Amino acid sequence: MGEVEVEVPSYFLCPISLELMKDPVTVSTGITYDRESIEKWLFSGKNNTCPTTKQVITDADYLIPNVTLRRLIQSWCTLNAAHGYERIPTPKPIISKVQIVKIVNEAKKATTLNKLNCLKRLRSIASENATNKRCIESSGAVEFLVSIVCENSNLEQGRVFEPSLTDEALSILHNLQLSESKLKSFSSEFVECLIRVMQIGSYESRAYTILLLKSILEVSDPMRLINLRSEIFLEIVQVLRDQISTQSTKVALLLLVQVLPWGRNRIKAIESDAVSMIIELLMDSMERRTCEILLTILDMLCSTAEGRAELLKHGGGLAVVSKKILRVSQVASERAVKILLNISKYSGTPWVVQEMVQVGVVTKLCLVIQVDVNGSKTSEKAREILRLHARTWKNSPCLPNAFFDSYPA
């Protein structure tokens with residue numbers, strides 16, 4: 001006889017994940033969800049409504065454990081152990097603000113070693129669930145963590161940099177997944193402290209700092225973005241140069257995409273050697289999304305005369321941009337052709353025009369036109385470049401005869 005399939009009672013299933021609940025909690029609307037699912041919905045998804053009733057949840061930080069339902073689920077799992085259902089463990093008690101405040105107060109008075117142990121306790125508590133994260137944020141612990149970072153980054157009056165404390169504090173600040181209101185509350189002085197950490201900190205400190213900076217600047221007002229100091233661009237470029245980690249590199253690139261449109265940030269980045277760094281990364285990268293981000297940044301930088309000059313000064317600038325056309329993605333091709341259009345329009349000296357033939361730019365542009373029979377914006381830009389320097393390129397011995405048919409009249 002075949003094994004009888006056991007049906008899980010519907011009220012044991014989370015309305016969000018549709019899986020057996022391990023830690024059922026009830027929200028203010030009276031609906032019960034698995035804690036992990038509802039916390040993800042409320043905090044990571046930044047929603048404030050009940051997924052089932054669509055009513056506003058009045059106190060998202062107050063999720064009431066449904067102990068009765070959890071015990072029923074545990075009993076049911078025990079009864080059906082033969083069918084592969086393991087008894088769910090009893091969840092750890094949720095931390096209280098009083099407990100967090102006690103840990104913070106202990107840390108404030110402690111020696112460096114004991115302070116480090118307090119920070120590790122906070123990190124452990126934060127890692128358990130999103131409710132603990134919100135509790136830590138609302139208990140004054142964030143301000144304490146910020147003070148540690150700032151004190152350690154200030155090396156005046158003979159202070160000694162404590163990398164372990166800074167690493168731990170930055171790790172907690174990043175992993176707390178702070179609310180938008182808390183991120184917006186960070187002062188310019190704290191951003192200055194983060195820049196100093198990037199200048200003197202360990203690889204681990206710098207990795208957490210770049211992640212935290214991205215979160216802060218994502219929600220910053222335009223004036224903060226316009227008034228970013230040149231030092232921040234020097235340190236972003238240094239993170240790219242040091243290749244601390246794949247995640248750090250990607251975050252640093254996304255941070256540039258985020259801040260370059262504002263004020264003189266493009267010039268600040270160019271003066272920090274960003275163009276050369278982006279070209280070097282493009283030479284080594286074949287991953288689609290990374291190439292698209294790199295070309296997006298280069299496109300923004302080459303919208304300035306200074307950016308175009310830096311690209312042309314680099315021996316492989318034109319060649320690597322041309323190489324990415326038709327080899328990565330449609331988005332990458334569009335960005336690369338746009339960069340070449342800016343070069344052709346505004347920096348098309350006789351030497352540059354000749355180099356574009358020698359490194360294969362003209363050949364690649366003709367290929368774009370041949371491949372794109374529907375006449376997209378990318379092929380239109382390619383035609384525009386070819387028309388701009390038609391007299392020089394049509395008479396060039398470097399241009400294969402096979403491409404004359406696709407060359408615009």
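Predicted, not measured: the structure shown is a model, and the values here were computed from it.

Draft legend 1. Representation of the packing of aromatic side chains. Under the defined criterion, the tally for this structure stands at 4 aromatic pairs. Look at Trp76 and Tyr85: their rings are 4.8 Å apart centre to centre, the planes differ by 65°, and that puts the pair in the edge-to-face class. The exposure class of Trp76 is buried, given its relative accessible area of 12%. Look at Phe186 and Phe190: their rings are 4.9 Å apart centre to centre, the planes differ by 50°, and that puts the pair in the tilted class. Judged by its relative accessible area of 6%, Phe186 falls in the buried class. The exposure class assigned to Phe190 is buried, which follows from its relative accessible area of 2%.

Draft legend 2. Broad picture of the layout of surface pockets. The volume enclosed by the largest pocket comes to roughly 650 Å³. Lys46, Gln177, Leu178, Ser179 and Leu183 are, among the 25 residues lining the largest pocket, the residues nearest its centre. Considering every element that reaches the lining of the largest pocket, the biggest residue donor is helix H10 (residues 203–218), with 5 residues. Here the lining of the largest pocket is built from residues that sort into 9 nonpolar, 9 polar and 7 charged.

Draft legend 3. Focus on a nonpolar patch on the surface. Taken together, the side chains of Met223, Ile226 and Trp262 define a hydrophobic patch exposed on the protein surface, amounting to about 260 Å² of accessible area. The topology assignment puts Trp262 in the loop between helix H13 (246–259) and helix H14 (265–271). For Trp262, a relative accessible area of 31% translates into the label partly exposed.

Draft legend 4. Quick peek at helix H19 (residues 330–346). With 17 residues, H19 ought to run about 24 Å at 1.5 Å a step, and its terminal C-alpha atoms sit 24 Å apart, in line with that. Regarding H19, the residues found buried are Ala332, Ser333, Ala336, Val337, Ile339, Leu340, Leu341, Asn342, Ile343 and Ser344. In this structure, the buried side of H19 is in contact with helix H16 (288–301), helix H17 (305–313), helix H18 (317–323), helix H20 (350–358), helix H21 (361–371) and helix H22 (377–388).

Draft legend 5. Summary view of the sheet that holds strand E1 (residues 24–26). Pairing within the open sheet is antiparallel, and its 3 strands lie in the order E2-E1-E3. Since the sheet does not close on itself, it has two edges, and those belong to strand E2 (32–34) and strand E3 (64–65), each with one partner. Of the strand pairs in this sheet, E1 and E3 are connected by 2 bridges, and their pairing is antiparallel. Across the sheet, Val25 pairs through a bridge with Pro65, a residue of E3.

Draft legend 6. The arrangement of the pattern of salt bridges in detail. Under the defined criterion, the tally for this structure stands at 20 salt bridges. A salt bridge links Glu39 to Arg35, with the shortest nitrogen-to-oxygen separation between them at 3.5 Å. Linking Glu39 with Arg35, this pair stays in helix H1 (residues 35–44), spanning 4 residues, or about one helical turn. The exposure class of Arg35 is buried, given its relative accessible area of 4%. In this structure, Arg121 engages Glu106 in a salt bridge whose closest nitrogen and oxygen atoms are separated by 3.3 Å. Remark: Glu106 occurs in helix H3 (residues 97–109) and Arg121 occurs in helix H4 (residues 112–128); sequence separation between them is 15 residues. A relative accessible area of 40% places Arg121 in the partly exposed class.

Draft legend 7. Region of the structure containing the confidence of the model for the protein chain. For the protein chain, per-residue confidence averages 87 on the pLDDT scale, and residues scoring 70 or more make up 92% of the total. For the protein chain, helix H23 (residues 390–394) is the element with the lowest average pLDDT, namely 76, and H14 is the one with the highest, namely 96.

Draft legend 8. The arrangement of the nonpolar core in detail. Within the largest apolar cluster, 109 residues are counted, with the highest numbers of intra-cluster contacts made by Ile100, Leu173, Phe190, Leu298, Leu311 and Leu340. In this view, Leu298 contacts Val275, Ile278, Ile279, Leu282, Leu311, Val321 and Ile339; residues no more than four positions away in its chain are not counted. Grouped together as the second largest cluster of nonpolar side chains are 19 residues, Val8, Val25, Leu42 and Cys77 included.

Basis of the calculations
Each residue is numbered by its place in its chain's sequence as written, counting from 1. For this predicted model, a pLDDT threshold of at least 70 governs which residues receive local features, and a threshold of 80 or more governs which side-chain atom pairs are given and counted, while totals over whole chains, interfaces and linings are taken from all residues. Derived side-chain values reflect all non-hydrogen atoms in the structure, with water molecules and hydrogen atoms excluded from consideration. Ring pairs shown here join Phe, Tyr and Trp side chains whose ring centres sit within 6.5 Å, with only the six-membered ring taken for Trp; geometry is labelled stacked below 30 degrees between planes, edge-to-face above 60, and tilted in between. For the exposure calls, accessible area comes from a 1.4 Å probe over protein chains only, and a residue counts as buried if that area is under 20% of its type's maximum, exposed if over 50%, partly exposed in between. Two kinds of site are reported from a 1 Å grid over the protein atoms alone, namely cavities, where a 1.4 Å probe fits but cannot get out, and pockets, open sets with protein on both sides within 12 Å along at least five of seven lines, and residues are called lining when an atom falls within 4 Å of a point. Grid points are joined across faces, edges and corners, and a volume is the space filled by probe spheres set on the points. Strands here are runs of E lasting at least two residues and helices are runs of H or I lasting at least four, both read from the DSSP assignment and numbered beginning at the N terminus. For this classification, Asp, Glu, Lys and Arg are treated as charged, while Ala, Val, Leu, Ile, Met, Phe, Trp, Tyr, Cys and Pro are nonpolar and the rest, including Gly, are polar. Patches draw on residues past 30% relative accessible area with no salt bridge. Two like charges within 9 Å are joined, as are two nonpolar side chains (Val, Leu, Ile, Met, Phe, Trp, Tyr) within 5 Å. In short, Shrake-Rupley with a 1.4 Å probe defines the accessible areas, and a residue's cover is counted only from the protein chains shown. By definition, a salt bridge exists where a carboxyl oxygen of Asp or Glu is found within 4 Å of a side-chain nitrogen of Lys or Arg. Expected helix span is taken as 1.5 Å per residue step, with the number of steps being one fewer than the number of residues. Every residue pair with non-hydrogen atoms within 4.5 Å of one another is taken to be in contact. Any two strands between which DSSP finds at least two bridges are classified as paired. What pLDDT conveys is the predictor's confidence in a given residue, as a value from 0 to 100. The criterion is simple. A nonpolar core is a set of buried Ala, Val, Leu, Ile, Met, Phe, Trp, Tyr and Cys residues joined through side-chain atoms within 4.5 Å.

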